[in-house]
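Summary of structural features
Chain residues, written in single-letter form:
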Amino acid sequence: LKRLPGLSEGEVKTGAQLCLAKCARCHPLYDPAAYQADELHTWMVKMSKKARLKLDQDALLGRFAEALRAK
């Protein structure tokens, strides 16, 4: 896995694992860079509830998606 700004190697690894376990089990993975920040936030809130993410998982996935978007 590549380094992402603002995330440790462990956070990148965990973020990728969460994406596969919580997101990709229901739909294809979408490129966060295809969304404006407010659109991405709206989708993350909606999908976080559907995926039943814990608060720490939600926070990490949000940071992970933002880092991917900023890259």
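Now for a quick tour of the structure. (Residues numbered from 1 in each chain as written. Predicted model: local features only at pLDDT ≥ 70, side-chain atom pairs only at ≥ 80, totals over all residues. Heavy atoms only, no water.)

A word on the overall build of the chain
Within the chain, the regular secondary structure consists of three helices and zero strands. From first element to last, N terminus to C terminus, the chain shows the α and β order α-α-α. The C-alpha radius of gyration of the chain comes to 11 Å, within 12% of the 11 Å expected for a compact globule of 71 residues. Judged by the C-alpha coordinates and their principal axes, the chain covers about 30 × 25 × 20 Å. The buried share among the 71 residues of the chain stands at 25%. Taking the intrachain contacts of the chain between residues at least 6 apart in sequence as the baseline, contacts between residues at least 24 apart amount to 69%. As displayed, the chain has an accessible area near 5,100 Å², and 57% of this comes from carbon and sulfur atoms. When the 13 positive and 8 negative side-chain charges of the chain are each reduced to one mean point, those points stand 7 Å apart. (Helix = DSSP H or I, 4+ residues; strand = E, 2+ residues; numbered from the N terminus. Rg over C-alpha atoms; globule rule 2.2 N^0.38 Å. Buried < 20%, exposed > 50% of the residue type's maximum accessible area, 1.4 Å probe, protein only. Contact = heavy atoms within 4.5 Å. Areas by Shrake-Rupley, 256 points an atom, 1.4 Å probe, with all protein chains shown as cover. Lys, Arg positive; Asp, Glu negative; His and termini not counted. Charge placed at Lys NZ, Arg CZ, Asp CG, Glu CD.)

Here's the deal with the packing of helix α2 (residues 37–51) against helix α3 (residues 55–70)
Look at α2 against α3: their axes get within 11 Å of each other, and the N-to-C directions meet at 150°. Between α2 and α3, the angle falls in the class roughly antiparallel. Where α2 crosses over α3, the handedness of that crossing is right-handed. Where α2 approaches α3, its residues Ala37, Leu40, Met44 and Ser48 are matched on the opposing element by Asp58, Leu61, Gly62, Ala65, Glu66 and Arg69. (Axes fitted to C-alpha atoms, helices over the stretch in contact; angles between N-to-C directions. Parallel < 35°, antiparallel > 145°, perpendicular 65-115°, else oblique. Left-handed = near helix turned anticlockwise from the far one by under 90°.)

Comments concerning the nonpolar core
Core analysis: the largest hydrophobic core is formed by 12 residues, namely Leu4, Leu7, Val12, Ala16, Leu18, Cys19, Ala51, Leu53, Leu60, Leu61, Phe64 and Ala67. When contributions to this core are tallied by element, the ones reaching two or more residues are α1 (9–23) and α3. If near-sequence neighbours (up to four positions away) are discounted, Leu61 is found in contact with Gly15, Leu18, Cys19, Cys23, Met44 and Leu53. (Core = buried A, V, L, I, M, F, W, Y, C linked by side-chain atoms within 4.5 Å.)

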